[in-house]
Amino acid sequence: MTHVSKMPGHLIRRLHQISTHVFMTRTREAGFDLTPVQYAALDAIRQSPGIDQAGLADAVAKDRATIGAVADRLEHKGLVSRKVNAKDKRARILALTAEGEAMVASLSPIVEELQKEILPGLDADERRMFIDLAAKAARAAGSVAGD
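Residues numbered from 1 in each chain as written. Predicted model: local features only at pLDDT ≥ 70, side-chain atom pairs only at ≥ 80, totals over all residues. Heavy atoms only, no water.

J.: Which residues make up unusual backbone geometry, and what values go with them?
T.: Excluding glycine, residues mostly carry a negative phi; peptide bonds, for their part, are mostly trans. Even without being a glycine, alanine 61 presents a positive backbone phi close to 55°. Tracing the backbone shows alanine 61 in the loop between α3 (53-60) and α4 (64-76). Overall, the relative accessible area of 65% leaves alanine 61 in the exposed class. (Helix = DSSP H or I, 4+ residues; strand = E, 2+ residues; numbered from the N terminus. Buried < 20%, exposed > 50% of the residue type's maximum accessible area, 1.4 Å probe, protein only.)

J.: Which residues make up the pattern of salt bridges, and what values go with them?
T.: The tally for this structure, following the rule as stated, stands at 8 salt bridges. A salt bridge links lysine 77 to aspartate 33; the shortest N-O distance between them is 4.0 Å. Here aspartate 33 lies in the loop between α1 (8-29) and α2 (36-47) and lysine 77 lies in the loop between α4 and β1 (80-84), a separation of 44 residues in the sequence. Under the relative-accessibility criterion, lysine 77 is labelled partly exposed at 28%. Under the relative-accessibility criterion, aspartate 33 is labelled exposed at 54%. Among the ionic pairs, lysine 116 bridges to glutamate 113, the shortest N-O distance being 3.5 Å. Linking lysine 116 with glutamate 113, this pair stays in helix α5 (residues 98-118), spanning 3 residues, or about one helical turn. Overall, lysine 116 belongs to the partly exposed group, its relative accessible area being 43%. Several salt bridges share partner residues, and in doing so they unite Arg26, Glu29 and Glu117 into one network. (Salt bridge = Lys/Arg side-chain N within 4 Å of Asp/Glu carboxyl O.)

J.: Run through the side chain of threonine 27, naming residues and quoting values.
T.: Mapped onto the elements of the fold, threonine 27 is located in helix α1. Those residues in contact with threonine 27, other than ones at most four positions away along the chain, are Phe32, Leu34 and Leu107. (Contact = heavy atoms within 4.5 Å.)

J.: Got a sec to walk through the packing of α3 against α4? Specific residues and values, please.
T.: Relative orientation and spacing of two packed helices are given, respectively, by the angle between their axes and the distance between those axes. Taken N-terminus to C-terminus, the directions of α3 and α4 make an angle of 105°; their axes are 9 Å apart at the nearest point. Relative to α4, α3 is oriented roughly perpendicular. In this structure, α3 uses Gln53, Ala54, Leu56, Ala57 and Val60 to contact α4, whose residues at the interface are Arg64, Ile67, Gly68 and Ala71. Among the residues forming the contact of α3 with α4, the class breakdown is 6 nonpolar, 2 polar and 1 charged. (Axes fitted to C-alpha atoms, helices over the stretch in contact; angles between N-to-C directions. Parallel < 35°, antiparallel > 145°, perpendicular 65-115°, else oblique. Nonpolar A, V, L, I, M, F, W, Y, C, P; charged D, E, K, R; others polar.)

J.: An account of the nonpolar core is needed here, citing residue identities and associated values.
T.: Grouped together as the largest cluster of nonpolar side chains are 29 residues, with contacts concentrated most on Leu34, Leu42, Leu56, Leu74 and Val80. For this core, the secondary structure elements donating two or more residues are α1, α2, α3, α4, β2 (92-96) and α5. Looking at this core element by element, the count peaks at 6 residues for α5. Residue contacts for valine 80: discarding those within four places in its chain leaves Leu42, Ile45, Leu74, Glu75, Leu94, Ala95, Leu96 and Thr97. (Core = buried A, V, L, I, M, F, W, Y, C linked by side-chain atoms within 4.5 Å.)

This is the structure we're talking about:
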């Protein structure tokens, strides 16, 4: 029987813990108060101007209720604005505020740099291979799960 420390689920959970810890530590050191999901949401909004909350949920792989709460917090922080979609009154269109744009611009190099710390012990080729394999598995799992 395989020991839990060699099981993909355990390793993915540990890497998630490491990733979150590194992200929170480095961004706080830089003076920012943002979670990894909040940053992912800001980046997705920047990449897709006019995205609605349902589209954002899909873009960051979170359920709609969670994204609604994330959008609430980002709006409260003054980083995102939400407007009712004229074509669908139930939908909320998201946009970065000037403060949100500035935060993403300031944070992006920090987030890019901290990626190396998330996979300690791997060289550049191994990191690329890990990312390729993880993306392949995520795509396959997403299509199976109906994402």
